[in-house]
Amino acid sequence: MRRDSARRVALLTYHACPLAAPGRGKAGGMNVHVRELARAMAAQGATVDIFTRQHEDQESDAPAIADNVNVVHLPAGPPNALLAQQFEHLDEFVAGVLEHQRGEDAQYRAVHSHYWMSAWAGRRLAAAIGVPHVVTFHTLSRIKMQSRSGEWEPPVRQESECQIIADADCIVAFSAHERDAMVRLYDGDPSRIHLVPCGVDLARFRPLGRAEARNELGLNGHKVLLYVGRIEALKGVDLLIHTATHLPTENVQVLVVGADADGSGEIARLKQMAEELNVSEAFEFVGRVPQEQLAWYYSAADVCVVPSFYESFGLAALESMACGTPVVASRVGGLSTVVQHGRTGYLKSWRCPEAFANSLEMILVNDSLRDSMGRAGRRRAEGLSWEEVAGRLFDIYEGLTPGTGGRAEA
C-alpha cells in the first residue's frame, strides 16, 4: 500500500450523496467523483469518512463503497428539501459532523469539501478541529452565469465562493480554464490553486467491441451518435437536435442517455423540438442507464457528443474515450483539457450546428479516423485513472501543515 492505513480524510459532499445512482435527480458526475475518489484513497491505505445530508431517497441497503470508507448521513433540514432550500440547514450539518468526529475521536489529515455548500461547512469544520481545508468546487456560479444567457445563481452562493476562494488552504481545479477563472473572476491566489483532473474507472469503462455492444443493445446498422448526462438546459442537447438537421438522419441514430434533472420537463421540450425539426425518428431518449451498463453504450457509438454550455471537467467525454470512442464537444471549461483536438476528437469553439455536423460527419464517414481517434482516446484515459488522482491529492494533503491554518509548507 502506498499510504499508512492510519491516515484519515474527511470528504464533505453535503448535497451529493456518493451512494445515489447517477442520472437520478441531480445526481451526476460529482456523486461519481466522490465515490470513486474515496475508493481509490482507501485502496492506497487511507480511511475515508464521507459526510452527506440525510435525503428522501436514501438507500439503507446500498452496498458499501469499500473497506475503510464510511458514508455518514447527517440530519440537515427536511430530507426532501430542494437544493435551493438546503443552505439554511448547514449549521445543523456542521454540528453533526463535529459530533461524529468527537465521538469517533477521528484525527483527520485534511477536510476536503466538494461544491460550495460543502465548502461553507468545511471551512468551519476545519477551523474547529485545526486541520487544512481543501476545496473542489465542481462548478462555479460566475462561470455558469457567463456561459449561457438566462443562467442565474443566488447572491449567497457568489459571496460564499468569494470567501472560500480567499481563505481555503488549497483549491483543487480540474483544468487551467477553471484555475484562470478563479483568478480572473474571484481574485483567487494562483499559488494555492492546484490542478488535478477528474479520473475514470478504467476497468469499468473499456472498449467492449462495437459489433458486440450494438448486438447487446439491439441496435441496427446505422451510424450511432451518443449523448450521456443529465438532461437540463445547461447541457445543450438542443444543439445536438439542431445539428441532426444537417446530417443524413436516415442513416444515423442518436441515443440520448439520461433523465430530467429534478423533473424539469426538459426531455419533453427536446422531443417537441425534434418533432418540429423533422428529426424525431433519428432520436431515442433512452432514460437513465445504470453505471455498470454505460460502457455498452459508449462502445456501441461511433461518436459521443458533449454540446454543453459549461462543464467544469466533462466526465462523460473521458468515459467515452476510455471506451475507445471519439468525442465531439464544445470548447468550454475542462473539456478542452480532456479532449485533444484532432487526436481524440474535435472541440468546437462556436455553438453552430453546421460546425458540429461537419466534425461529426468527418468521423462518421471515415472508419480509420474513428478507430485511430478511439485508440488515442483510450491511451489518454489511461493516464487519468482514479488511482493517479488519489495519489496526487495525497501529495497535496501532505504538503499542507496541520494546526497552523493549513498553508503549504515553504
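What counts, and where the lines are drawn
Residue positions are given per chain, counted from 1 along the sequence in the order it is written. Where totals are concerned, whole chains, interfaces and linings use all residues; where local detail is concerned, this predicted model gives features only for residues with pLDDT of at least 70, and gives and counts side-chain atom pairs only at 80 or more. No hydrogens and no water enter the side-chain calculation; it runs on all heavy atoms of the structure. The helix and strand labels rest on DSSP assignments: H or I over at least four residues marks a helix, E over at least two residues marks a strand, and numbering proceeds from the N terminus. Note on contacts: a residue pair qualifies if any of its non-hydrogen atoms lie within 4.5 Å across the two residues. Should a side-chain nitrogen of Lys or Arg be within 4 Å of a carboxyl oxygen of Asp or Glu, the pair is scored as a salt bridge. Summary of the burial criterion: residues with accessible area below 20% of their type's maximum are buried, those above 50% are exposed, and those between are partly exposed, where the area comes from a 1.4 Å probe applied to protein chains only. Within a predicted model, pLDDT stands for the predictor's per-residue confidence, ranging from 0 to 100. One fewer than the residue count of a helix, multiplied by 1.5 Å, yields its expected span. The directions considered for the arc are those from the helix axis to the C-beta atoms. Only buried residues count toward a nonpolar core. Its members are Ala, Val, Leu, Ile, Met, Phe, Trp, Tyr and Cys residues joined through side-chain atoms within 4.5 Å. Note on ring pairs: Phe, Tyr and Trp rings are taken, using the six-membered ring of Trp, and paired if centres are within 6.5 Å. Classes follow the plane angle, with under 30 degrees stacked, over 60 edge-to-face and the rest tilted. Both a distance and an angle decide whether a charge sits over a ring: NZ of Lys or CZ of Arg must be within 6 Å of the ring centre and within 35 degrees of the ring normal.

(A) Quick peek at the environment of Val328. Along the chain, the position of Val328 falls in strand S12 (residues 327–330). When the C-alpha atoms of Val328 and Val32 are compared, they prove to be 22 Å apart, with 296 residues separating the residues in sequence. Once residues within four sequence positions are removed from consideration, Val328 is found in contact with Val303, Cys304, Val305, Val306, Tyr346, Lys348, Phe356, Ser359, Leu360 and Ile363.

(B) Up close: the pattern of salt bridges. On inspection of all chains with the given rule, the structure shows 23 salt bridges. Close ionic contact of Glu153 with Arg157 constitutes a salt bridge, the shortest N to O distance being 3.1 Å. Assigned by exposure class, Glu153 and Arg157 land together as buried.

(C) Examining the confidence of the model for the chain more closely. Mean pLDDT over the chain stands at 91; residues scoring 70 or higher make up 93%. Here helix H4 (residues 141–147) stands out as the element of the chain with the lowest mean pLDDT, 89, in contrast to strand S11 (residues 303–306), whose mean of 98 is the highest. Considering only residues more than four positions removed or in separate chains, one finds that residues 1–6, a stretch of pLDDT under 50, has 16 contacts.

(D) Highlighting helix H5 (residues 155–167). Taking 1.5 Å as the rise per residue, H5 with 13 residues should run 18 Å; its terminal C-alpha atoms sit 19 Å apart, in good agreement. Of all the residues in H5, the buried ones are Arg157, Gln158, Ser160, Glu161, Ile164 and Ile165. Considered in projection along H5, the buried side chains sweep an arc of 165° and stay on one side of the axis. Exposed side of H5, more than 90 degrees from the buried face: Glu159 and Ala166 are the residues found there. Where H5 is buried, its residues contact helix H3 (116–129), strand S5 (133–136), H4, strand S6 (170–173) and helix H6 (176–186).

(E) Quick peek at the nonpolar core. Within the largest apolar cluster, 65 residues are counted, with the highest numbers of intra-cluster contacts made by Met41, Tyr298, Leu393 and Tyr397. Met30, Ala121, Val131 and Ile165 belong to the second-largest nonpolar core, a separate cluster that totals 43 residues.

(F) Structural view of the packing of aromatic side chains. All chains considered together, the criterion is met by eight aromatic pairs. Centroid distance Phe283 to Phe285: 6.3 Å. Interplanar angle 25°. Geometry classified as stacked. Clustering of aromatic rings is evident, with ring pairs tying together Phe87, Tyr115, Trp116 and Trp120. Geometry around Trp120 places Arg124 over its ring, the cationic atom sitting 3.5 Å from the centre. Taking NZ or CZ as reference, Arg148 lies 5.7 Å from the ring centre of Phe309, over its face.

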